[in-house]
Amino acid sequence: MDKDDLILPKDFPELKNDTFLRAAWGEETQHVPVWCMRQAGRYLPEFRETRAATDFFRTCRSPELCCELTLQPLRRFPFDAAIIFSDILVVPQAMGMEVQMVPGKGPTFPEPLKDPDDLQRLRSKVDVAAELGYVFKAITLTRHKIEGKVPLIGFSGAPWTLMTYMIEGGGSTTQSKAKRWLYCHPEASHRLLKQLTDVIVEYLLAQVAAGAQALQVFESHAGCLGPREFREFALPYLRDIARRVKDKTKDLGLDNVPMIVFAKDGHYALEDLAESHYEVVGLDWTIDPRSARERTGGKISLQGNMDPCALYAPKEQLDSIVGQMLDGFGTRGYIANLGHGLYPDMDPEHVGAFVDAVHSHSRRLLRTK
Ligand code: 1CP
């Protein structure tokens, strides 16, 4: 995509709460910022109501609905950031694959990639502006409608995670079909991962141009790889994405956009992730906060990592879990979040209690510093 193809929207409302961005850059804040993965989700009755009438990917293609779903959690809770409502699987769609959201089953590819010959079915050149323009429109609209309350996060799936869906054809516990490619077709795997990387770089860049103030890259299926496979098939592409997006945003004068990498269950790669050009490493709950700090040498900001299921706990217990998490991470260069997304059966009241606990504990810790 040429620079001239990017419409740079202007006149966005002034940002009133920059706590999340400051923490991402490791700067001092008045409190620890907090947001939740899947904060726009089925645990909210208003989300279920808005989603009920429309098919999932049709919803993703409506900037107005995406904007409404993104703003819903902010009306209830004082989150310090919003994440645009969309899905990681819009990228395989843009590359020419069909993806349906089957109620009760999840995302489904009727014709997944079976062997390397199937790579021919993918578009060789993806017109990101044309295929994913609806995401950029949703971001620009939401950036206006959010009225500068909090920053807006854009996102993409990482190449390996998207590759697993394209080969498995949907969710999988073993990812064995996709992993088979790594062992039997390493060259074709790299070709696919490279092709995905090229699209993701343009996709993220266009999200920034449209108004995204931070970016998160979801490597949700890091956990099925081991350190060796991660180093060969995931890490190089994650690094390449951050480096190329940063180079290009610099050219556009938009290099104040921090990037977060979230490699779920990728604790074995924490040291590598800390040196992969991202400002923030997102953590799942399987890592102890103190050891994560030690292993990353205080060089980068961390995000996470409460077990989402702790939201089932009584509020007093939840409060003490949050307190321990803050003690472990410290208040500087830290963004509170869950270790993965909220589940549909979670009580919105407990989500509110989580947000309040992060704010009150961190204010107290910062006052007594
Ligand atoms: O009808 C519905 O509402 C279905 C549930 C749902 C939602 C709310 C899906 C289907 N996607 C989303 C939105 C979504 N997905 C967001 C934006 C909202 C927010 O976070 O507040 C984001 C960031 C995602 C990203 C996403 N989609 C990831 C990465 C994060 C993660 O969970 O690890 C993944 C893996 C997906 C694929 C996907 N989309 C939906 C489901 C149920 C799944 C998982 C499928 C599986 O592997 O079983």
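Each residue is numbered by its place in its chain's sequence as written, counting from 1. Confidence filtering applies because this is a predicted model: local features only for residues at pLDDT of at least 70, side-chain atom pairs given and counted only at 80 or more, and all residues used for totals across whole chains, interfaces and linings. Values reported for side chains reflect all heavy atoms of the structure, with hydrogen atoms and water molecules removed beforehand.

Per an unreviewed UniProt entry, the recorded name for the protein is Uroporphyrinogen decarboxylase, and the organism is Paramormyrops kingsleyae. Its UniProt record gives the protein the following Sequence similarities (unreviewed entry) comment, quoted word for word: "Belongs to the uroporphyrinogen decarboxylase family." UniProt positions are given in the numbering used here, feature names are shortened, and annotations may be inferred rather than shown by experiment. What the UniProt record of the protein gives under Subcellular location (unreviewed entry) is the line "Cytoplasm, Cytosol".

Caption draft 1: Representation of the overall build of the protein in the model. Only runs of H or I of at least four residues qualify as helices and only runs of E of at least two qualify as strands under DSSP, and these elements are numbered from the N terminus. A tally of helices and strands in the protein yields 16 helices and nine strands. Taking 369 residues into account, the globule formula puts the C-alpha radius of gyration at 21 Å, and the protein, at 20 Å, falls close to it. Principal-axis analysis of the C-alpha atoms gives the protein an extent of 60 × 45 × 45 Å. Here the protein holds 369 residues, and the buried ones make up 60% of them. Neither His nor the chain termini are counted; the positive set is Lys and Arg, and the negative set is Asp and Glu. Working definition for charges: the position is that of NZ of Lys, CZ of Arg, CG of Asp or CD of Glu. Counting 45 positive and 50 negative side-chain charges, the protein places the averaged centre of each group 0 Å from the other. Each radius of gyration is computed over the set of C-alpha atoms, and the globule rule expresses the reference value as 2.2 Å times the number of residues to the power 0.38. Partly exposed describes any residue whose relative accessible area lies between the buried limit of under 20% and the exposed limit of over 50%, with all areas from a 1.4 Å probe on protein chains only and scaled to the type maximum.

Caption draft 2: Molecular detail of the sheet that holds strand 6 (residues 259-263). Two strands are said to pair when DSSP picks up at least two bridges between them. Strands sit in the order 1-4-5-6-7-8-9 across an open sheet of seven strands; the sheet is parallel. Strands at the two margins of the open sheet, each flanked by one partner only, are strand 1 (82-83) and strand 9 (334-338). As defined by bridge partners, strand 6 adjoins strand 7 (residues 280-282) across three bridges and the pair is classed as parallel. Opposite Val261, over in strand 7, you have Val281 as the bridge partner. Note on contacts: a residue pair is in contact if any heavy atoms of the two residues lie within 4.5 Å. To obtain an axis, a line is fitted to C-alpha atoms, over the contacting stretch when the element is a helix, and the angle between two such axes runs from 0 to 180 degrees between their N-to-C directions. Helix 15 (residues 315-329) contacts strand 8 (301-306) and strand 9 of the sheet and is inclined by roughly 155° relative to strand 8.

Caption draft 3: Layout of the site of the ligand. Only a single heavy atom is needed: when it lies within 4 Å of a molecule or strand, its residue is near that molecule or strand. As a structural note, the neighbourhood of the ligand is formed by 21 residues, with Arg51, Asp87, Tyr165, Ser220 and His340 the closest of them. Contacts to the ligand include Ala40, whose backbone N or O atom sits 2.9 Å from an oxygen atom. In this structure, a nitrogen atom belonging to the ligand sits 2.8 Å away from a side-chain N or O atom of Asp87. Under the convention used here, a 1.4 Å probe and the Shrake-Rupley method define accessible areas, while residue burial counts only the protein chains that appear. Taking 880 Å² as the accessible area of the ligand by itself, protein coverage stands at 85%. Tallied by class, residues from the shell around the ligand come to twelve nonpolar, five polar and four charged. Here a polar contact is recorded for every N or O atom pair within 3.5 Å, except that within protein the pair must consist of a potential hydrogen donor and a potential acceptor, and residues adjacent in sequence are included only if both atoms are side-chain atoms. Under the scheme applied, nonpolar residues are Ala, Val, Leu, Ile, Met, Phe, Trp, Tyr, Cys and Pro; charged residues are Asp, Glu, Lys and Arg; polar residues are all the others, including Gly.

Caption draft 4: Fine view of the packing of helix 7 (residues 133-145) against helix 10 (residues 186-210). In contact at an axis separation of 8 Å, helix 7 and helix 10 are set at 30° when each is read in the N-to-C sense. Classified by the angle between their axes, helix 7 and helix 10 sit roughly parallel to one another. Every pair of crossing elements has a handedness; the one defined by helix 7 and helix 10 is right-handed. The segment helix 7 lies against helix 10, with Val135, Phe136, Ile139 and Thr140 engaging Tyr203, Ala206, Gln207 and Ala210. Residue classes in the contact of helix 7 with helix 10 are distributed as six nonpolar, two polar and no charged. Working definition: roughly parallel below 35 degrees, roughly antiparallel above 145 degrees, roughly perpendicular at 65 to 115 degrees, and oblique for all remaining angles. Helix crossings get a hand from a simple test, with the near helix turned counterclockwise from the far one by less than a right angle marking a left-handed crossing and a clockwise turn marking a right-handed one.

Caption draft 5: Seen up close, the pairing of strand 5 (residues 214-219). Among the six residues in strand 5, six count as buried, and that is most of the element. Both faces of strand 5 are covered, namely the face carrying Ala214, Gln216 and Phe218 and the face carrying Leu215, Val217 and Glu219. For strand 4 (residues 152-157) and strand 5, the ladder comprises five bridges, and the chain directions are parallel. Paired with Gly154 across the strands is Leu215, a residue of strand 5. The pairing of strand 5 with strand 6 spans five bridges and is classified as parallel. Its bridge partner being in strand 6, Phe218 is matched across the sheet by Phe262.

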